[in-house]
Amino acid sequence: MTAKIIFGIAMAVCMGLGYAGYPVKAPGQPLPDTMSIAPALQYVNGTAFIRAGLTGKNVKVGVVDVGFEGADKNPRLQNFFTAGKLAATKDFIHPNEQVLFSKQTDMDWHGTYVWSYIGGKDAAGKRYGLATDAVFYLARTDDGAKEYQKEQEYFRDAVEWLHTQGVRVVNVSLGYAYDFDNPAENYVPENMNGQTAIVTKAAREAAARYNMILVIAAGNDGDNPWKIISAPADADNVIAVGATDMNRSKKTFSAEGPDFLPYLKPNISCLNDTGGTSFSAPVISGVVACMLQQQPNITARQVVRIIERSGHLYPYGNNYEGYGVPDAARILQLMKDSTHDFKTARQIKASGNELQLSSDGTGKDWVLFHKKDNWIVLEQQQLKQDGGQITIKRPAPLTRTKLVVDDKIKAAFHTTDTQEAVKRTTVATSQNVIEIVWP
């Protein structure tokens, strides 16, 4: 992993235009100007926003990233240039040069594709993001060729600048953890505590003081010893976004929330069929822009809570996926009535170590999260339906591995393994979420 750019697969794949999109036949009112949207937008039921006429119109959205190479020529983004929807840019890395859209490092394509997944739409009307009519403010704060603490100060300054521009939504597909050029600047896992990193404090302050909604990629360290989220995704009252597959299983690379935070991270998750969590977060930034178009005076805290409540796992969230995948139709309902109960969640207290559940008849796989407590997942399991009764079995104690940094300058570390009993299992079906409490 690179600590600064939250992407998960080879750059060549991400440069290959990402989502292909496919036709969507929506019931009732036809979509305004297109019958094709990217899979990730369908995954969050984005057609509910489109049918309601919500496109993030005139909502100010900030993108803090590495670079925006070729954005001025990218076919997905031309509407923002021709319609005057790119309001301002600020380059904190090259403040005296006009190079924001040119290649300065090999990573400068990153911000361009992040932007397109917030609000991109091509000439044929295909949507790659939901905020197709938002107004954008771009900030380069990260040097794609180096990793140093000053970048975090640039991030803090960029958030301040965006606030002065009246920006409410900020996408952050960056993260800082352990990969600094000077190892003395590296963080250790315990620093992902919502209190330590410069970027974390800046994000937390922006949410609390300025009522800004920061949407932040959770990180891509789920399949290496670090495992947990990176800063600033650890900040409270921001939306940290993990990555799932089409079955709503956590992608292996998607970072976990640590077990020492008093609040749940990540907050939610989103389909990612292009790269790392960098490209999950901007889908949610588009969701937030649509919410602000609908209710401009909604608070940052309200936005976070509504999006969480719309997730398919709510109220049984976990440190793999947060409260799961949000749903635009649910969001619209919750914006009308924040206490609305969708009646899709229930809890069962098991009397033994097995439990019988009836198939939901869809044939779609279920996803099980075996947990040591209310939040912390020990194992994720995908369960195929064969019809009839399905047996859910409580696993034997499972191994939980943690990283211990012995010397961050020498990059010396070891891992520790502990055996943990499974006390709860969350069963996510295609339609409901069931929380099993084991004896």
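As the structure is a prediction and not an experimental result, all values here were calculated from the model.

### Brief notes about the overall build of the protein chain
Link 1 in the chain: Scanning the protein chain for helices and strands turns up 10 helices and 18 strands.
Link 2 in the chain: Its C-alpha atoms give the protein chain a radius of gyration of 21 Å, within 12% of the compact-globule value 22 Å for 439 residues.
Link 3 in the chain: In terms of overall dimensions, the protein chain has a C-alpha envelope of 70 × 60 × 40 Å along the principal axes.
Link 4 in the chain: Counting all 439 residues of the protein chain, 58% fall into the buried class.
Link 5 in the chain: Of the roughly 16,900 Å² that the protein chain leaves accessible, carbon and sulfur atoms contribute 48%.
Link 6 in the chain: Each charge class in the protein chain was averaged separately, 46 positive and 46 negative side chains, and the resulting centres sit 7 Å apart.

### A few points about the sheet that holds strand β9 (residues 268–271)
Link 1 in the chain: Spatially, β4-β5-β3-β6-β7-β8-β9 is the arrangement adopted by the seven strands of the open sheet, whose pairing is parallel. The open sheet has two free edges, formed respectively by β4 (86–91) and β9, since each of these has just one partner strand. On average, each strand axis in the sheet is tilted by 25° relative to the strand beside it, whichever way the strands run.
Link 2 in the chain: With four bridges connecting them, strand β8 (residues 239–244) and β9 associate as parallel partners. Of the residues in β9, the one forming a bridge with V241 is I268.
Link 3 in the chain: Sheet contacts for helix α5 (residues 110–119): β3 (60–65), β4, β5 (135–140) and β6 (169–172); angle to β3, the most-contacted strand, approximately 150°.

### Overview of the sheet that holds strand β13 (residues 377–383)
Link 1 in the chain: Pairing within the open sheet is mixed, and its five strands lie in the order β10-β18-β17-β12-β13. On the outer flanks of this sheet lie β10 (345–349) and β13, each paired with one strand and no other. Pairs of neighbouring strands in the sheet enclose a mean axial angle of 20°, with direction left out of account.
Link 2 in the chain: Where strand β12 (residues 366–371) lies against β13, six bridges are found, and the strand directions are antiparallel. Considered in β13, the bridge of W366 is made with L383.

### Comments concerning the layout of surface pockets
Link 1 in the chain: Taken as a whole, the largest pocket encloses approximately 600 Å³ of empty space.
Link 2 in the chain: Together, 28 residues line the largest pocket, and Y43, M246, R248, K364 and S430 are the ones closest to its centre.
Link 3 in the chain: Among the secondary structure elements, those contributing two or more residues to the lining of the largest pocket are α2 (39–43) and β12.
Link 4 in the chain: When its residues are assigned to classes, the lining of the largest pocket shows 10 nonpolar, 13 polar and five charged.
Link 5 in the chain: Taken as a whole, the second largest pocket spans an internal volume of roughly 270 Å³.
Link 6 in the chain: Surrounding the second largest pocket, 16 residues form its lining, Y178, W226, V405, A411 and F413 being those nearest its centre.
Link 7 in the chain: Every element with two or more residues in the lining of the second largest pocket is listed here: β15 (398–407) and β16 (412–420).
Link 8 in the chain: Its residues assigned to classes, the lining of the second largest pocket shows 13 nonpolar, two polar and one charged.

### A short note on helix α10 (residues 328–336)
Link 1 in the chain: Looking at α10, one finds that the buried residues are A328, R330, I331, L332, L334 and M335.
Link 2 in the chain: Contacts made by the buried residues of α10 are with α3 (47–51), α8 (281–294) and α9 (300–309).
Link 3 in the chain: The residue sitting at the N-terminus of α10 and contributing the capping side-chain oxygen is D327; that oxygen lies 2.9 Å from the backbone nitrogen of A329.

### Brief notes about the packing of α9 against α10
Link 1 in the chain: Relative orientation of the contacting elements α9 and α10 amounts to 130°, with a least axis distance of 9 Å. Considering the angle they form, α9 stands oblique to α10. Along this stretch, α9 crosses α10, giving a crossing that reads as right-handed. Contacts between α9 and α10 involve I306, I307 and R309 on the former and, on the latter, R330, I331, L334 and M335.
Link 2 in the chain: Residue composition of the contact of α9 with α10, by class: five nonpolar, no polar and two charged.

### Here we look at the confidence of the model for the protein chain
Close reading of the predicted structure is inappropriate where its pLDDT is low.
Link 1 in the chain: Scored by pLDDT, the protein chain has a mean of 91; 92% of the residues are at 70 or more.
Link 2 in the chain: With pLDDT under 50 throughout, residues 1–35 is counted as low confidence; its partners more than four residues away or in other chains account for 118 contacts.

### Description of the environment of V59
Link 1 in the chain: Mapping V59 onto the fold places it in the loop between α3 and β3.
Link 2 in the chain: Here V59 falls in the buried class, since its relative accessible area comes to 9%.
Link 3 in the chain: Residues V59 and G275, spaced 216 residues apart in sequence, show a C-alpha to C-alpha distance of 27 Å.
Link 4 in the chain: Setting aside its immediate chain neighbours within four residues, V59 contacts A134, V135, V169, A289, L292 and Q293.

### Points about the pairing of strand β17 (residues 424–428)
Link 1 in the chain: When you tally the buried positions in β17, you get five out of five residues, the bulk of the element.
Link 2 in the chain: Going residue by residue along β17, you find R424, T426 and A428 tucked away on one face and T425 and V427 tucked away on the opposite face as well.
Link 3 in the chain: Across five bridges, the pairing between β12 and β17 is antiparallel. Each bridged residue has a counterpart across the sheet, and for H370 the counterpart in β17 is T425.
Link 4 in the chain: Where β17 meets strand β18 (residues 433–437), five bridges bridge the pair, whose relative direction is antiparallel. Looking across to β18, one finds that R424 is bridged to V437.
Link 5 in the chain: Hairpin connection of β17 to β18: four residues between the antiparallel strands.

### Points about the packing of α8 against α9
Angle between the axes and distance between the axes are the two parameters that describe a pair of packed helices.
Link 1 in the chain: In the contact formed by α8 and α9, the axes pass within 11 Å of each other and the chain directions differ by 120°. Note that α8 runs across α9; the crossing there is right-handed. Where α8 approaches α9, its residues I284, V287, V288 and M291 are matched on the opposing element by V303, I306 and I307.
Link 2 in the chain: Class assignment for the residues of the contact of α8 with α9 results in seven nonpolar, no polar and no charged.

Criteria and thresholds
- Residues numbered from 1 in each chain as written.
- Predicted model: local features only at pLDDT ≥ 70, side-chain atom pairs only at ≥ 80, totals over all residues.
- Heavy atoms only, no water.
- Helix = DSSP H or I, 4+ residues; strand = E, 2+ residues; numbered from the N terminus.
- Rg over C-alpha atoms; globule rule 2.2 N^0.38 Å.
- Buried < 20%, exposed > 50% of the residue type's maximum accessible area, 1.4 Å probe, protein only.
- Areas by Shrake-Rupley, 256 points an atom, 1.4 Å probe, with all protein chains shown as cover.
- Lys, Arg positive; Asp, Glu negative; His and termini not counted.
- Charge placed at Lys NZ, Arg CZ, Asp CG, Glu CD.
- Pairing = 2+ DSSP bridges.
- Axes fitted to C-alpha atoms, helices over the stretch in contact; angles between N-to-C directions.
- Contact = heavy atoms within 4.5 Å.
- 1 Å grid on protein atoms, 1.4 Å probe; cavity = no way out; pocket = protein on both sides within 12 Å on 5 of 7 lines; lining within 4 Å.
- Points joined across faces, edges and corners; volume = space filled by probe spheres on them.
- Nonpolar A, V, L, I, M, F, W, Y, C, P; charged D, E, K, R; others polar.
- Polar contact = N/O pair within 3.5 Å; in protein donor to acceptor, adjacent residues only side chain to side chain.
- Parallel < 35°, antiparallel > 145°, perpendicular 65-115°, else oblique.
- Left-handed = near helix turned anticlockwise from the far one by under 90°.
- pLDDT = per-residue confidence, 0-100.

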